[in-house]
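Chain and residue survey
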Amino acid sequence: MLDGVTLDQLRTFIAAVDEGSFSAAGRKLRRAQSVVSQTLANLEAQLGLKLFDRSARYPRLTDEGRSLLPDARALAEDIDGFKARAHSMRQGLEPELSVAMDVMYPIEALTCAAVNSRKRYPHTPLRLYVEALGAVIKPVLDRQCSIGVIGSLPEVPAELRAESLPHVPLATVVSPAHPLAKRRGVVPLSVTAKQVQLVLTDRTALTHGRDFGVFSPLTWRLADLGAKLAFLKAGLGWGHMPLHMVQADLAAGALVKITVEGTPRPMAMPMRVVYRKDAPPGPAGCAFIAQLRQ
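This report concerns the structure included in the present document.

With that out of the way, let us pick up the nonpolar core. Here is a general trend for soluble globular proteins: nonpolar side chains tend to be buried in one another's company. Ranked by size, the top nonpolar core spans 33 residues in total, and within it Tyr 105, Val 149, Val 246 and Phe 288 carry the most contacts. A per-element tally of this core places strand E6 (residues 160–174) first, with five residues. Judged by nonpolar contacts, the second largest core, of 15 residues, contains Leu 10, Ile 14, Phe 22 and Leu 43.

Here it is as structure tokens:
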């Protein structure tokens, strides 16, 4: 009998509770009171429970009805969400927004884009990967992500289309206890070559055998930017970092800036959004990209 319970019966149950009477529920649903009464009687029969006490002038919820009401509301809301998502997809909206984000990109700007996406497309869930170098590109190439935001990888494969985003300022930093911290002016490459450079490394094989922004033959390679920051503060080497990640440490004196010979001044990392040429982003992806540009 329970398999015969319908969404229409649940909506009628909810309307009767919200409107306070069967006649008011009928007006809301544009049905005769007798139809509402019969619908609720059928629902009670299928459940084997009394949902309303009809002994007074107006029906009152029984304990069983009061207990089942939240479940009825949840089921009705779930089906409404299901219908809204189906309608959106029929209009061309992505069923999911999947993004691969370069670890260098500011989390505040990413969060703003996510908030905007949630407001405009509440039925499109976000799936996010935060990676570096080739690990940002690979899920886009493999169609696991619809868009990627790259910076640490300067090259774009031919299968992808790239659009420019605002640059991310960089800083070359060391611990105040590091030997390079005592140098004034531009530090020659002959000096940095004698010190360990902490380098962000690729989790994939896409950049195997190639380096970007490496100036020292002595390198420690880390796949995690948080670990790189901790190692820098511990004096284990020198390295380039996104300025937004080290500003607080620079202000507190936990890190100091240095200028290395051959690096541009000011330093900045060009950021780009990429997507497959044969699978351009839909409405949610385009809105996400537009927010990133701001």
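With that settled, the discussion passes to the environment of Pro 157. By the element assignment, Pro 157 lies in the loop between strand E5 (147–150) and E6. Using a relative accessible area of 23% as the deciding quantity, one classes Pro 157 as partly exposed. Between the alpha carbons of Pro 157 and Arg 276 there is a distance of 9.6 Å; along the sequence they are 119 residues apart.

The next subject is helix H8 (residues 225–233). Among the residues of H8, those classed as buried are Leu 225, Lys 228, Leu 229 and Leu 232. Buried residues in H8, looked at end-on, bunch into an arc of 100 degrees, giving them a common side. Looking at the buried positions of H8, the neighbouring elements they touch are E6, strand E8 (197–200), strand E9 (219–222), strand E10 (239–242) and helix H9 (243–252). Sitting at the head of H8, Asp 224 places a side-chain oxygen 3.0 Å from the backbone nitrogen of Gly 226. Note on H8: the residue one or two positions beyond its end, Gly 235, has a positive phi of about 80 degrees.

What follows is about a nonpolar patch on the surface. The grouping of Leu 126, Leu 128 and Val 130 at the surface amounts to a nonpolar patch, some 230 Å² of accessible area in total. Here Leu 126 falls in the partly exposed class, since its relative accessible area comes to 39%.

This brings us to unusual backbone geometry. Omega for the bond connecting Arg 265 with Pro 266 falls within 30 degrees of zero, at -5 degrees, which places this linkage in the cis form. Position of Pro 266 among the secondary structure elements: in the loop between strand E11 (256–260) and strand E12 (268–276). With phi around 60 degrees, Arg 30 is a residue other than glycine that occupies positive phi space. Within the secondary structure, Arg 30 is located in the loop between helix H2 (22–29) and helix H3 (33–47).

Calculation rules
Residues numbered from 1 in each chain as written. Predicted model: local features only at pLDDT ≥ 70, side-chain atom pairs only at ≥ 80, totals over all residues. Heavy atoms only, no water. Core = buried A, V, L, I, M, F, W, Y, C linked by side-chain atoms within 4.5 Å. Buried < 20%, exposed > 50% of the residue type's maximum accessible area, 1.4 Å probe, protein only. Helix = DSSP H or I, 4+ residues; strand = E, 2+ residues; numbered from the N terminus. Arc of directions from axis to C-beta. Contact = heavy atoms within 4.5 Å. Polar contact = N/O pair within 3.5 Å; in protein donor to acceptor, adjacent residues only side chain to side chain. Patch = residues over 30% accessible without salt bridge, like charges linked within 9 Å, V, L, I, M, F, W, Y side chains within 5 Å. Areas by Shrake-Rupley, 256 points an atom, 1.4 Å probe, with all protein chains shown as cover. Salt bridge = Lys/Arg side-chain N within 4 Å of Asp/Glu carboxyl O.

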